[in-house]
There are 2 protein chains.
Amino acid sequence: MSIEKTVSQPVSNWAKGDGPESDIVISSRIRLARNISGYAFPHTMSNQAADEILNAVRLAVDNDEVRQEFGPLEFVRLEELSPVERQILLEKHLISPQLLEDIKNRAVILSEDEFLSIMINEEDHLRIQLFLPGLQLEEAWQKANRVDDLLEKTLDYAFCEQRGYLTACPTNVGTGLRASVMLHLPALVIAGQINNIITAISQLGLAVRGYYGEGTKAVGHLFQISNQITLGQAEEEIIRNLLTVARQIINQERSARAALYKNNKSQLEDKIFRSLGILSYSRMITTEEALTMLSDVRLGIALGILDNLTQRDINELMMLIRPAFLQKMAAREMTAQERDTERARIIRLRMEKLKK
Amino acid sequence: MSIEKTVSQPVSNWAKGDGPESDIVISSRIRLARNISGYAFPHTMSNQAADEILNAVRLAVDNDEVRQEFGPLEFVRLEELSPVERQILLEKHLISPQLLEDIKNRAVILSEDEFLSIMINEEDHLRIQLFLPGLQLEEAWQKANRVDDLLEKTLDYAFCEQRGYLTACPTNVGTGLRASVMLHLPALVIAGQINNIITAISQLGLAVRGYYGEGTKAVGHLFQISNQITLGQAEEEIIRNLLTVARQIINQERSARAALYKNNKSQLEDKIFRSLGILSYSRMITTEEALTMLSDVRLGIALGILDNLTQRDINELMMLIRPAFLQKMAAREMTAQERDTERARIIRLRMEKLKK
């Protein structure tokens with residue numbers, strides 16, 4: 001396996017649109033924050049210590065048991081990647097914006113199927129991430145937990161009986177667990193119900209974020225819902241809570257879709273077809289507008305209004321058109337306007353192909 | 001010839017997009033206001049008098065000389081037409097909104113080619129209208145003048161040596177002439193120059209109106225420019241003045257198009273293709289939005305950006321999609337939403353056909 005493959009394919013396997021409830025749930029993610037005992041947290045540690053952590057984690061995953069369960073893993077230092085390649089990993093959600101804030105002595109370990117990503121020396125020494133398509137929080141948790149157990153055979157985690165896993169930021173202390181689901185909620189947005197739902201979710205101790213996490217906008221009607229509390233609840237309980245809320249939101253989105261289809265079918269069809277028209281004809285389009293139009297088309301597929309297209313096509317396009325990936329494919333840096341033109345061209349080509 | 005043909009064909013010959021400067025000038029029109037001596041003006045005359053006028057005009061056009069020069073003419077009382085048919089004549093500009101305000105004792109005489117239309121008992125006893133495609137004001141004036149001469153052989157016009165032709169409204173006294181051109185000025189609108197031009201035109205004693213005359217909006221970037229003054233200038237002078245101004249505006253529109261194409265080609269192409277996309281995909285569209293999108297497409301044709309389509313296609317569609325014509329084709333009355341759906345369907349069908 002090579003990192004070249006990872007940065008050449010627009011979509012991770014877990015984002016292709018399979019899995020349970022995939023008409024609404026793009027993906028499920030488990031993230032575990034872990035630190036190595038006896039070392040300062042990344043933001044205060046020395047270069048030498050950082051390097052030691054890198055090596056320790058690399059050795060910890062380099063064994064047959066890991067390979068057998070998760071396939072071959074690749075260890076990549078950020079410094080070995082070009083800026084565009086780093087952006088692609090970010091666009092694919094395999095690394096976080098925080099990891100890119102300083103690329104020295106930082107690395108990521110990726111499984112070939114891209115279900116597993118371990119960031120090293122981000123806010124914590126380790127950030128283990130496990131992605132699965134659709135609504136599979138418990139399954140993702142089991143796998144992440146298994147990775148954690150395998151690593152713990154070699155690594156000495158910073159752990160306190162009273163507080164649990166110790167982390168650089170107190171919001172992660174305890175389980176170090178963040179579970180999240182990425183939901184596509186166009187009908188709740190169109191019906192104007194989304195704000196009430198976001199308020200209700202927040203009151204349940206869960207966070208609602210945009211597609212790229214904290215502080216990002218919910219472009220393309222994609223919402224990430226995750227737990228806020230990491231302390232005082234067992235992992236299973238955190239996941240069960242999130243799953244319950246996710247199922248409720250899925251039902252609300254389904255009801256909103258059914259109501260829209262029943263009461264505003266003509267308007268809805270018009271909106272969806274117009275978005276398809278703009279995607280098929282525009283000569284320049286921003287990422288945000290394209291994602292909004294693709295969101296409408298995705299809804300059209302889910303409702304059976306559009307039948308030549310699949311959720312997978314749209315999920316792929318949603319990744320394909322992102323700035324870094326566009327530049328990687330074109331093998332050159334581009335201005336924003338060049339990207340808008342290239343993005344429109346790629347979408348048009350894809351739309352023509354799909355309609356045949 | 002039958003009126004059925006007139007109300008079944010969406011576009012008059014003069015609106016099909018031929019003629020000089022037809023990339024910018026849709027049509028030229030001459031209108032002459034005339035009244036019959038010894039009768040009160042229409043707004044105060046008796047039913048009997050109105051009926052006598054109808055008969056007098058009908059007889060005046062019913063002779064071989066007229067037929068030889070203008071082809072067979074049809075005399076149609078408004079009362080004989082259905083409401084939808086009357087609306088179609090209005091949509092085709094063959095009659096005015098004012099003529100429809102009261103349909104009793106009112107009529108229109110139409111030539112088979114629809115170049116000539118004589119409204120009877122509108123604001124004046126006669127409103128002679130002569131339409132030609134493109135910029136042909138002088139040619140239209142010669143023909144209208146000829147109709148006027150032929151009618152005058154039979155009819156005794158109300159005429160005063162000092163004031164000229166007498167009319168119901170003092171703004172028409174003198175020549176009774178209104179000359180106008182219908183211009184398509186999308187580039188001046190896009191470039192934000194149109195308001196300055198309208199102000200300048202107004203200062204020259206000319207009026208700028210929307211597609212359906214006084215008080216209507218300039219939908220589809222179509223502007224009607226006409227003389228305001230009817231008194232104290234000879235017909236030829238009025239027409240020469242209008243022609244000079246029209247030529248200037250045509251040059252300004254051409255410059256604006258060239259500048260847009262040179263400096264903002266990408267944005268312009270994007271705008272034009274998006275409009276084509278919406279026309280090709282929407283499931284509901286209002287007349288106004290459709291005309292705006294068709295205007296963009298018409299500009300795209302003029303600039304060579306779109307090459308499968310012709311000005312004539314677009315001019316036809318601009319008429320085809322109007323409310324009354326839609327209902328006539330569907331042979332039933334429709335709600336606004338039904339019309340929007342039907343309009344979108346007809347445009348889609350036409351776009352698919354044209355792209356083959």
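Residues numbered from 1 in each chain as written. Chains lettered and ligands numbered in written order. Predicted model: local features only at pLDDT ≥ 70, side-chain atom pairs only at ≥ 80, totals over all residues. Heavy atoms only, no water.

Visitor: Residues and numbers for the environment of His125(B), please.
Guide: Residue and element names in this part refer to chain B. One can find histidine 125 in the loop between strand S4 (116–120) and strand S5 (126–133). For the pair histidine 125 and glycine 210, spaced 85 residues apart in sequence, the C-alpha separation works out to 25 Å. When neighbours within four sequence positions are excluded, histidine 125 is seen to be in contact with Arg34, Asn35, Ile36, Tyr39, Ala40, Phe41, Pro42, Met45, Ile53, Met119 and Ile120. (Helix = DSSP H or I, 4+ residues; strand = E, 2+ residues; numbered from the N terminus. Contact = heavy atoms within 4.5 Å.)

Visitor: Could you give an account of the sheet that holds strand S1 (residues 25–34) of chain A, with specific residues and numbers?
Guide: Residues and elements named next belong to chain A. Across the sheet, 8 strands lie side by side as S2-S3-S4-S5-S1-S8-S10-S9; this open sheet has antiparallel pairing. Of all strands in the sheet, those with a lone pairing partner are strand S2 (73–77) and strand S9 (206–209), marking the two edges. Here the average twist between neighbouring strands, direction ignored, is 20°. Of the strand pairs in this sheet, S2 and strand S3 (residues 107–111) are connected by 5 bridges, and their pairing is antiparallel. Paired with valine 76 across the bridge in S3 is valine 108. (Pairing = 2+ DSSP bridges. Axes fitted to C-alpha atoms, helices over the stretch in contact; angles between N-to-C directions.)

Visitor: Give me the lowdown on the interface of chain A and chain B, citing residues and values where you can.
Guide: Interface extent is often summarised as the accessible area lost during association of the parts. If you look at the interface, chain A gives 18 residues, while chain B gives 18 residues. Taking both partners together, chain A and chain B bury about 1600 Å²; carbon and sulfur atoms supply 57% of that area. Linking chain A with chain B are 2 salt bridges, by the criterion used here. Arg274(B) is paired through a salt bridge with Glu289(A); the nearest N and O atoms lie 2.7 Å apart. For the interface between chain A and chain B, the tally reads 8 residue pairs in polar contact (both at pLDDT 80 or more). Among the elements of the structure, helix H9 (265–281) and helix H13 (336–355) of chain A are those that each provide at least two residues to the side of chain A that touches chain B. Top element by residues in the side of chain A that touches chain B is H9(A). It accounts for 11 residues. Per-class residue counts for the side of chain A that touches chain B are 6 nonpolar, 6 polar and 6 charged. (Buried area = accessible area lost by both parts, 1.4 Å probe. Salt bridge = Lys/Arg side-chain N within 4 Å of Asp/Glu carboxyl O. Polar contact = N/O pair within 3.5 Å; in protein donor to acceptor, adjacent residues only side chain to side chain. Nonpolar A, V, L, I, M, F, W, Y, C, P; charged D, E, K, R; others polar.)

Visitor: Run through the pattern of salt bridges, naming residues and quoting values.
Guide: Residue and element names in this part refer to chain B. Applying the stated criterion to the full structure yields 50 salt bridges over all chains. For aspartate 51, the salt bridge identified is with arginine 77, shortest N-O distance 3.2 Å. Note that aspartate 51 is positioned in helix H2 (residues 47–61) and arginine 77 in strand S2 (residues 73–77), a separation of 26 residues in sequence. Given the relative accessible area of 29%, aspartate 51 is considered partly exposed. Measuring nitrogen to oxygen at the nearest pair gives 3.5 Å for the salt bridge that ties glutamate 65 to arginine 146. (Buried < 20%, exposed > 50% of the residue type's maximum accessible area, 1.4 Å probe, protein only.)

Visitor: Can you break down the domain arrangement of chain A residue by residue, with the values?
Guide: Residue and element names in this part refer to chain A. Along its sequence, chain A is organised into domain 1 (3–174) and domain 2 (256–355). Spacing between the C-alpha centres of domain 1 and domain 2 amounts to 30 Å. Listed by partner, the interface residues are 20 residues for domain 1 and 15 residues for domain 2. Interface area for domain 1 against domain 2, summed over the two sides, is near 1500 Å², with a carbon-plus-sulfur share of 61%. Together, Pro10, Lys16 and Glu91 form the three largest contributors to the area buried by domain 1 at its contact with domain 2, with a combined 36%. (Domains from an automatic or database assignment.)

Visitor: How would you summarise a negative patch on the surface if you had to cite specific residues and measurements?
Guide: On the surface, Glu79(A), Glu80(A), Glu101(A) and Asp102(A) cluster together to form a negatively charged patch. For Glu80(A), the position within the fold is in the loop between S2 and helix H4 (83–91). (Patch = residues over 30% accessible without salt bridge, like charges linked within 9 Å, V, L, I, M, F, W, Y side chains within 5 Å. Areas by Shrake-Rupley, 256 points an atom, 1.4 Å probe, with all protein chains shown as cover. Lys, Arg positive; Asp, Glu negative; His and termini not counted. Charge placed at Lys NZ, Arg CZ, Asp CG, Glu CD.)

Visitor: So what's going on with the sheet that holds S2(B)? Which residues, and what values?
Guide: Within a sheet, adjacent strands bond to each other through the backbone by hydrogen bonds, running parallel or antiparallel. All names here are of chain B. Overall, antiparallel pairing links the 8 strands, which are arranged S2-S3-S4-S5-S1-S8-S10-S9 in an open sheet. Each edge of the sheet is formed by a strand with only one pairing partner; in this case those strands are S2 and strand S9 (206–209). Strand after strand, the sheet turns through a mean of 20° between neighbouring axes, direction not considered. Examined bridge by bridge, S9 and strand S10 (residues 222–227) share 4 bridges and lie antiparallel to one another. Looking across to S10, one finds that valine 208 is bridged to isoleucine 225. Seen against the sheet, helix H8 (residues 235–263) touches strand S1 (25–34), strand S8 (177–184), S9 and S10 and runs at an angle of roughly 10° to S8.

Visitor: Kindly report on the relation of the copies chain A and chain B, identifying the contributing residues and their values.
Guide: Mapping chain A onto chain B is achieved by rotating through 180° and translating by 0.0 Å along the same axis, at an RMSD of 0.0 Å. Read as a symmetry element, the transformation amounts to a two-fold axis. Taking the C-alpha atom as reference, chain A places Gly277(A) closest to the rotation axis, 2.2 Å from it. Take the interface residues of chain A: 100% of them recur as interface residues in chain B, which is what a same-surface contact looks like. (Least-squares fit on C-alpha atoms with pLDDT ≥ 70 in both.)

Visitor: Can you lay out the packing of aromatic side chains for me, pointing to particular residues and giving the numbers?
Guide: Tallying each qualifying case throughout the model produces 7 aromatic pairs over all chains. Ring geometry for Tyr157(B) and Tyr165(B): centres 5.9 Å apart, planes at 80°, overall edge-to-face. As far as burial versus exposure is concerned, Tyr157(B) and Tyr165(B) are alike and both buried. Between Phe159(B) and Tyr165(B) the ring centres are 4.8 Å apart and the planes differ by 70°, which places this aromatic pair in the edge-to-face class. By relative accessible area, which is 44% here, Phe159(B) ends up partly exposed. With a relative accessible area of 10%, Tyr165(B) lands in the buried category. The rings of Tyr157(A), Phe159(A) and Tyr165(A) are connected pair by pair, giving a single aromatic cluster. (Phe/Tyr/Trp six-rings, centres within 6.5 Å; stacked < 30°, edge-to-face > 60°.)

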